[in-house]
Amino acid sequence: MSYNNILIEQDDNITTITINRPSKLNALNRETLSELHNAFVEIEGDKTTRVIILTGSGEKAFVAGADISEFSDFEVKEGTALAKQGQKLVFDFIENLSIPVIAAINGFALGGGLELAMACHFRIASDNAKMGLPETSLGVIPGYGGTQRLPQLVGKGKAMEMIMTARMINADEALKVGLVNYTVTQEELLPLAENLASKIIQNSPLAIASAIKAVNAGFKDGVNGYDKEIKQFGKCFGTDDFTEGTTAFLEKRKANF
Ligand code: COA
């Protein structure tokens, strides 16, 4: 498939998706969101990718938010549909993908941009990164899961502060509050993402897919995370990966998944 607003690069089992609208600080317009959905579907279906890295083009921004020019004249019905569609097709979709997705935040991650990074399984950032949910300064609230995922990551009080003040935090503060796992220089950002990806690739993809399901279950309404863990744990025993992993350990060799 060919895309206008994203670049896709595959290197062995690692696929990097770069959001590529640098003149608009990679803001998420309708077409970019649709392309992201299609790309994730395509990559999950190709069965060769074991880790996805999501980043932004240029040195200034990961994603500076949803494209404000597209929704400034929306009314209630259209606003509701925008959030509903976006959550379903992109943000929830990424969170529930069976392949790990790492957000490599290379600059501004604001509004929908931070929400996109938060939908990924974990985040790393370059030291120039600035993160925030500035929606209340525009007279709206985060609509792509930000009011839910930010408190999950940084705690309710810090999330409330960030949403109410609309202020941006820098990479150091993001590291301190647990919003990102590492901060490095801009040059070191993608190599770090690739290094983490190469560690993930050494482990069972089926077990990782089960772990994603179990961890996510704990954050879903009406789903018992412990029950989901038991189910996924049991399921692992029926996989070739489990046979290979335990056999390799007993034979004192590295598992080959
Ligand atoms: N939606 C649409 N366009 C955006 C955008 C967004 N969220 N963020 C940036 N852009 C566009 C700007 O309009 C500008 O386009 P232009 O050159 O055609 O005028 C271009 O990207 C560059 O942005 P600019 O504002 O000139 O860069 P800056 O370095 O002065 O400021 C920011 C950077 C991130 C502080 C500023 O762009 C900004 O506040 N963006 C909006 C952030 C936001 O509120 N996001 C949440 C949306 S829900």
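Quick note: structure is the one above.
Residues numbered from 1 in each chain as written. Predicted model: local features only at pLDDT ≥ 70, side-chain atom pairs only at ≥ 80, totals over all residues. Heavy atoms only, no water.

Caption draft 1: Looking closely at the overall build of the protein. When its secondary structure is counted, the protein shows 11 helices and 10 strands. Here the protein has a C-alpha radius of gyration of 19 Å; the compact-globule value for 257 residues is 18 Å, and the two agree. Projecting the C-alpha coordinates of the protein onto the three principal axes gives extents of approximately 60 × 40 × 35 Å. Going through the 257 residues of the protein one by one, you find that 45% of them count as buried. Pairs at least 24 apart in sequence give 68% of the contacts found in the protein among residues at least 6 apart. Accessible area for the protein stands at about 13400 Å²; split by element, carbon and sulfur atoms hold 55% of it. (Helix = DSSP H or I, 4+ residues; strand = E, 2+ residues; numbered from the N terminus. Rg over C-alpha atoms; globule rule 2.2 N^0.38 Å. Buried < 20%, exposed > 50% of the residue type's maximum accessible area, 1.4 Å probe, protein only. Contact = heavy atoms within 4.5 Å. Areas by Shrake-Rupley, 256 points an atom, 1.4 Å probe, with all protein chains shown as cover.)

Caption draft 2: View of helix H8 (residues 186–201). The end-to-end C-alpha separation of H8 is 24 Å, in line with the 22 Å expected for 16 residues at 1.5 Å each. Those residues of H8 lying buried are Leu 189, Leu 192, Ala 193, Leu 196, Ala 197, Ile 200 and Ile 201. Turning to H8, the residues buried within the fold contact strand E2 (14–19), strand E3 (51–56), strand E5 (101–105), strand E7 (122–126), strand E10 (182–184) and helix H9 (205–217). (Expected span 1.5 Å × (residues − 1).)

Caption draft 3: Representation of the sheet that holds E2 in the model. As summarised here, the arrangement of the 6 strands in space is E1-E2-E3-E5-E7-E10, forming an open sheet in which the pairing is mixed. Bordering the open sheet on either side are strand E1 (6–11) and E10, each of which pairs with just one other strand. Taking the axes of each pair of neighbouring strands and ignoring which way they run, one obtains an average angle of 20 degrees across the sheet. In this structure, E1 lies alongside E2, joined through 6 bridges in antiparallel fashion. Bridge assignment links Gln 10 to a residue of E2, and that residue is Thr 15. H8 rests against E2, E3, E5, E7 and E10 of the sheet, and its axis sits at about 155 degrees to E7. (Pairing = 2+ DSSP bridges. Axes fitted to C-alpha atoms, helices over the stretch in contact; angles between N-to-C directions.)

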